[in-house]
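Single-letter residue listing:
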Amino acid sequence: MMKKKLLNYRLSVLKQLFVLSLFSIFLAGCSKNSDVNPSNTTNPADAFTYEIASNWAELQLTLTKGTNGYTPPVAARAYGLGGLTMYESIVPGLLDHNSLAGQLSNLSKLPVIESGKSYNWALALNAGQATILKALYAESSLAQASNNQKKIDSLETAMTASFKGNSNTDEIERSVIFGKNIANAIFEWSKTDGGHEGYKRNFPSDYKVPIFPGAWQATENGQKIPMQPTWGNNRTFAPTNATLIPPAPIAFSTNIASQYFAQYLEVYTKNKSLTSEEKEIAVWWADNPVETFTPPGHSYNLANIAAKTSKTTLGKAVEGFARTGIAVADAFILCWKCKFLFNNERPYTMVRRSIDPTWTPFWPAPPFPGYSSGHATQSGAAAEVLTYVYGNNFKFVDNSHVGRVNDAATGTPFKARSFNNFYEFADESAMSRFYGGIHTRQDNEVGLKEGKKVGRNVNNLAFLK
């Protein structure tokens, strides 16, 4: 009996030691370098968390700020292509998601993985991002292109070292090839959308500016040719967005009792009584090209902030970047279609003509028609898709411009903004242009409404099975 008890005791100890050894092996596999998330085993790609996607998004934001010609429409398109490439480079590792091939306009197919073979999805994403960003940010200046490539190469090398984990040589090579193939296929598809190398033709000299009562004219910046006047003809990512029809604005009138006059008078009146916070809001959301990553970049950065705030899985982070990139890209196409269909004048022009010939808005007007607001349209689209991914009550702090010195022109500080949900950010982004004195309330309200339509159409794509 004693021998039997002793034997059972020894077996029990051995069993415990075996379990502990397995647990130790498991913990070792969850090291920082391999970034494994043991709580999610449904999708192979979700063995990784958001970090690698976040790092690449941040680099694209940096490249946009530092690359000549990356105006808001051009930048929006690039974020759409960057986010789509992220998504497609890991979607075979997201077993509950679909590829967008066959769903997006004229994108019938994309490369597929080798059946029965293993992949390191972090490395596939890494290779895909390096490839698509080198193609997008090639810019006409050789020195700048070389500098961009060095930044991309540096991050790709660092991320390869960080995320190769226990992958063998074959798996690494297979993953890298797949990511590159996805990026190359998406870039080839992008060449036919109407926006290819748009950074070379922001202000086409052969464009004839329409002349009629209430038409857009050059404002205080003196730019006589408007920015990207044909951008609204570009192919949308989501086919249903191409069917949206821009609503007509309030009819032009010289009558001081008209709704048209009232819209512009409100801008002028408000601009003479701005509070400190309203000035801070106007400056925070200005997002001028060269100085920042542009307005669509601000939305793309909010997708990044959401991923970092929630410390989410790789799959969810990438879905957020893809939806946001596609949404802001399509929003700028639809908004530009509206702008150049109606060619509405800016408050600067109308107020100086009919109210106060010496007036200058708090923020300088950008060089393109006013109706509808690009800020409002792209923010409304981004709010729809980010709410879909992260929920209706996602609280976050937008620290996009924290650390910048006070605005040189107005002396206004850059203070972080806090929001209870994504619709709050969209409303504030839209109102910032009213506070800036460069958009009427109509521009913002219509922009938000139409942008939300764009976002809902993106959400209706079958990302999920």
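Remember, predicted model here, so these are calculated numbers, not experimental data. (Residues numbered from 1 in each chain as written. Predicted model: local features only at pLDDT ≥ 70, side-chain atom pairs only at ≥ 80, totals over all residues. Heavy atoms only, no water.)

Asker: Break down the overall build of the chain for me, citing the residues and quoting the values.
Answerer: Each helix and strand counted, the chain has 14 helices and 2 strands in total. Seen along its three principal axes, the alpha-carbon backbone of the chain occupies a region of about 105 × 45 × 40 Å. Every one of the 465 residues in the chain was classed for burial, and the buried ones make up 55%. Once local pairs closer than 6 in sequence are excluded, the contacts in the chain between residues at least 24 apart make up 82%. Accessible surface, the chain: about 20000 Å² in total, of which carbon and sulfur atoms supply 55%. Once the 45 positive and 37 negative side-chain charges of the chain are each reduced to a mean point, those two points are 5 Å apart. (Helix = DSSP H or I, 4+ residues; strand = E, 2+ residues; numbered from the N terminus. Buried < 20%, exposed > 50% of the residue type's maximum accessible area, 1.4 Å probe, protein only. Contact = heavy atoms within 4.5 Å. Areas by Shrake-Rupley, 256 points an atom, 1.4 Å probe, with all protein chains shown as cover. Lys, Arg positive; Asp, Glu negative; His and termini not counted. Charge placed at Lys NZ, Arg CZ, Asp CG, Glu CD.)

Asker: Could you give me a rundown of unusual backbone geometry, with the residues and numbers involved?
Answerer: Here the bond from Tyr-371 into Ser-372 is cis, since omega is -5°, no more than 30 degrees from zero. As for its placement among the helices and strands, Ser-372 is situated in the loop between α11 (347–354) and α12 (374–390). With a phi angle near 60°, Asn-106 is a residue other than glycine that sits in the positive phi range. Relative to the elements of secondary structure, Asn-106 occurs in the loop between α3 (72–90) and α4 (121–136). For Asn-106, a relative accessible area of 63% translates into the label exposed. Unusually for a residue other than glycine, Asn-343 sits at a positive phi of about 50°. As for its placement among the helices and strands, Asn-343 is situated in the loop between α10 (314–342) and α11. Note on Asn-343: relative accessible area 6%, which makes it buried.

Asker: Can you lay out the nonpolar core for me, pointing to particular residues and giving the numbers?
Answerer: Ranked by internal contacts, the top residues of the largest apolar core, which has 118 residues, are Trp-56, Met-86, Leu-125, Phe-422 and Phe-425. When neighbours within four sequence positions are excluded, Trp-56 is seen to be in contact with Met-86, Leu-125, Asn-126, Gln-129, Ala-130, Leu-133, Ile-152, Leu-155, Glu-156 and Met-159. Counting residues in each nonpolar core, the second largest holds 5 residues, with Ile-250, Tyr-260, Phe-261 and Met-350 among its members. (Core = buried A, V, L, I, M, F, W, Y, C linked by side-chain atoms within 4.5 Å.)

Asker: Account for the pattern of salt bridges, with residues named and values stated.
Answerer: Here the structure, examined in full by the defined rule, presents 16 salt bridges. Close ionic contact of Glu-188 with Lys-191 constitutes a salt bridge, the shortest N to O distance being 2.9 Å. Of the residues examined, Glu-188 reaches a relative accessible area of 45% and is grouped as partly exposed. Measuring nitrogen to oxygen at the nearest pair gives 3.2 Å for the salt bridge that ties Lys-200 to Glu-197. Connected via shared salt-bridge partners are Glu-277, Arg-417 and Glu-428. (Salt bridge = Lys/Arg side-chain N within 4 Å of Asp/Glu carboxyl O.)

Asker: Describe the packing of α12 against helix α13 (residues 422–435), listing the residues and the values that go with them.
Answerer: Contact pair α12 / α13: the axes reach a minimum separation of 8 Å and the direction vectors enclose 175°. Here α12 is positioned roughly antiparallel relative to α13, judged by the angle of their axes. The segment α12 lies against α13, with His-375, Ala-376, Ser-379, Gly-380, Ala-382, Ala-383, Glu-384, Leu-386, Thr-387 and Tyr-390 engaging Phe-422, Tyr-423, Phe-425, Ala-426, Ser-429, Ala-430, Ser-432 and Arg-433. (Axes fitted to C-alpha atoms, helices over the stretch in contact; angles between N-to-C directions. Parallel < 35°, antiparallel > 145°, perpendicular 65-115°, else oblique.)

Asker: Can you lay out the packing of helix α2 (residues 51–66) against α4 for me, pointing to particular residues and giving the numbers?
Answerer: Look at α2 against α4: their axes get within 10 Å of each other, and the N-to-C directions meet at 10°. Here α2 is positioned roughly parallel relative to α4, judged by the angle of their axes. Contact residues: Ile-52, Ala-53, Trp-56, Gln-60 and Leu-63 in α2; Ala-122, Leu-125, Asn-126, Gln-129, Ala-130, Leu-133 and Leu-136 in α4. Considered class by class, the residues forming the contact of α2 with α4 number 9 nonpolar, 3 polar and no charged. (Nonpolar A, V, L, I, M, F, W, Y, C, P; charged D, E, K, R; others polar.)

Asker: Residues and numbers for the packing of aromatic side chains, please.
Answerer: Here the structure, examined in full by the defined rule, presents 26 aromatic pairs. Judged by centre distance (5.2 Å) and plane angle (75°), the ring pair of Phe-252 and Tyr-260 falls under edge-to-face. Phe-252 gets classed as partly exposed once you look at its relative accessible area, which sits at 34%. Overall, Tyr-260 belongs to the buried group, its relative accessible area being 5%. (Phe/Tyr/Trp six-rings, centres within 6.5 Å; stacked < 30°, edge-to-face > 60°.)

Asker: Help me get a handle on α13, residues and values and all.
Answerer: Spanning 14 residues, α13 covers 20 Å between terminal C-alpha atoms, matching the ideal 20 Å at 1.5 Å per step. Counting buried residues along α13, 10 of its 14 residues qualify, which places the element largely inside the surrounding structure. Within the sequence span of α13, burial applies to Phe-422, Phe-425, Ala-426, Glu-428, Ser-429, Ala-430, Ser-432, Arg-433, Phe-434 and Tyr-435. Measuring from the backbone nitrogen of Tyr-423 back to the side-chain oxygen at the start of α13 gives 3.1 Å, which picks out Asn-421 as the cap. In the stretch just after α13, Gly-437 is the one whose phi turns positive, near 85°. (Expected span 1.5 Å × (residues − 1). Polar contact = N/O pair within 3.5 Å; in protein donor to acceptor, adjacent residues only side chain to side chain.)

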